[in-house]
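Spelled out, the chains give:
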Amino acid sequence: MSVSVVIPCYRSARTLPMLVPRLISVLRDMSVQYEVILVVDGSPDDTWATAADLARRTDGVRAIHLSRNYGQHNALVAGVREAEFDVVVTMDDDLQHLPEQVPLMLAALEGDRLDLVYGVPLEEEHGFLRSLASRSVKAGMSATLGVRAARKISAFRAFRTCLRDGFKELSGPYASIDVALSWATTRIGSLPVRMDHREHGRSNYSLRLLLRHTANMVLGYSAAPLRLASYLGFLVGAIGLLLGVAVLWRFAAGDTTVAGFTTVASMVALFSAAQLIAIGVLGEYVGRIHGSGMGRPTYVVRERVGSPALFDVPRQTSGASASAHNAS
């Protein structure tokens, strides 16, 4: 088994010098062919200088500099398309995903039972509200996007590189690596893994960005909002029918001495709200079609440093590493 580790990097100048040596050490102990791809997503600090320096000084490390900030999933797509080896592992740059857990992820892919494995934290990584929002998003992905394994999704993934053939035509600014992977396989599993707290700073994936990414996924990869607009139309129509029956009943009963301004105003407001919601949903889809028609890229690579590690590292002859090599 050979491994490409893809790490999207943003404001990680302080963590990369600790993460990369640990990861290289783990990969060498596994006696596998490997490469580490650092995708710097237009970070405003010294992350690119740090990543480029690591790529120049370390065999098997490559650094890719995107021309601007495109977002975590777009950066992942860029790195996955650069991968040279059989299996791709994606992990964060903040040392929450432990390099020492990578062998467990790869072991879960041995054999033909699974194509994609998610590393699920044993404990919640974030606060209550952030975790609740994340679980809600995953439930929504399962319901609206047809991603059966949505509740297992995390940024710590291991999958067979051949899966990228399922989304080689993916383009445009609204990328979602998890939805794209679900197009290519249903053989998806999860593995409980230990995760650490962030070494420096705080997560760049705020609640606002999470909600924006959710909107991008739902509107970019599903027709569910259009169906919901239709359902809303039926619901409002049913309510309007009931109100009409109530008005006719009052008329037949002779209770029409006072004009029904409140009823009419309520009906107008209700129907107007339904129409505006439907128009807004259609507008979002038309706007995205227009954006795709303009040819907005998923990413643009500004610079590359380093070369893939197309070599065999010395093989260990005993212990767990040798067993893992023989199994692969």
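Keep in mind that this is a model prediction, so the values were computed, not measured.

Novice: Help me understand the pairing of strand β5 (residues 116–121), please; the structure alone is not making it clear to me.
Specialist: Each regular strand shows side chains that alternate between the opposite faces of the sheet. The sheet contact formed by β5 and strand β6 (residues 157–160) spans 3 bridges and is antiparallel. Bridged to Y118 within β6 is R157. Relative to strand β7 (residues 188–193), β5 runs parallel, the two sharing 6 bridges. Directly across from L116, in β7, lies its bridge partner I188.

Novice: Looking at this structure, how should I read helix α4 (residues 102–109)?
Specialist: In an α-helix, one turn spans 3.6 residues, which is why side chains three or four residues apart end up on the same side. For α4, the full list of buried residues reads V102, M105, L106 and L109. Across the axial projection of α4, the buried residues extend over an arc of 95°, all falling on one side. If you follow the buried residues of α4, they end up packed against β1 (2–9), α1 (16–29), β4 (87–90), β5, β6 and β7. G111, located one to two residues past α4, shows a positive phi value of around 85°.

Novice: Honestly, the sheet that holds β7 in this entry has me stumped. Any pointers?
Specialist: In space, the 8 strands of this open sheet follow the order β7-β5-β6-β4-β1-β2-β3-β8, with mixed pairing throughout. The sheet is open, and its two edges are formed by β7 and β8 (301–305), each paired on a single side. The average angle at which neighbouring strand axes cross in this sheet is 20°, direction not considered. Here 4 bridges tie strand β3 (residues 61–66) to β8, and the two strands are oriented antiparallel to one another. By the bridge assignment, A63 is partnered in β8 with V305. The sheet strands contacting α4 are β1, β4, β5, β6 and β7, and the helix crosses β5 at an angle near 140°.

Novice: Looking at this structure, how should I read the pattern of salt bridges?
Specialist: Where charged atoms from two side chains of opposite charge approach closely, those side chains can pair. Enumeration according to the criterion identifies 8 salt bridges in this entry. The salt bridge involving E100 is made with R22; its shortest N-O contact spans 2.8 Å. Taken together, the residues span a long stretch of sequence, with E100 in the loop between β4 and α4 and R22 in helix α1 at a distance of 78 residues. E100 gets classed as partly exposed once you look at its relative accessible area, which sits at 39%.

Novice: I'm lost on the packing of α1 against helix α2 (residues 47–57) in this one. Help?
Specialist: The description of two packed helices rests on the angle between their axes and on the distance between the axes. Closest axis-to-axis distance for the α1/α2 pair is 10 Å, and the angle between their directions is 30°. The angle between the axes of α1 and α2 places the two elements in the roughly parallel class. Where α1 crosses over α2, the handedness of that crossing is right-handed. Taken together, the residues of α2 that come into contact with α1 (itself represented by L16, P17 and V20) are T47, T50, A51 and L54.

Novice: Before we go on, may I ask you to explain unusual backbone geometry in this structure?
Specialist: Residues apart from glycine generally show negative phi values, whereas peptide bonds are mostly found in trans. In this structure, R11 is a non-glycine residue whose phi angle is positive, near 55°. Along the polypeptide, R11 turns up in the loop between β1 and α1. Its relative accessible area of 48% is what places R11 among the partly exposed residues.

Parameters and conventions
- Residues numbered from 1 in each chain as written.
- Predicted model: local features only at pLDDT ≥ 70, side-chain atom pairs only at ≥ 80, totals over all residues.
- Heavy atoms only, no water.
- Pairing = 2+ DSSP bridges.
- Helix = DSSP H or I, 4+ residues; strand = E, 2+ residues; numbered from the N terminus.
- Buried < 20%, exposed > 50% of the residue type's maximum accessible area, 1.4 Å probe, protein only.
- Arc of directions from axis to C-beta.
- Contact = heavy atoms within 4.5 Å.
- Axes fitted to C-alpha atoms, helices over the stretch in contact; angles between N-to-C directions.
- Salt bridge = Lys/Arg side-chain N within 4 Å of Asp/Glu carboxyl O.
- Parallel < 35°, antiparallel > 145°, perpendicular 65-115°, else oblique.
- Left-handed = near helix turned anticlockwise from the far one by under 90°.

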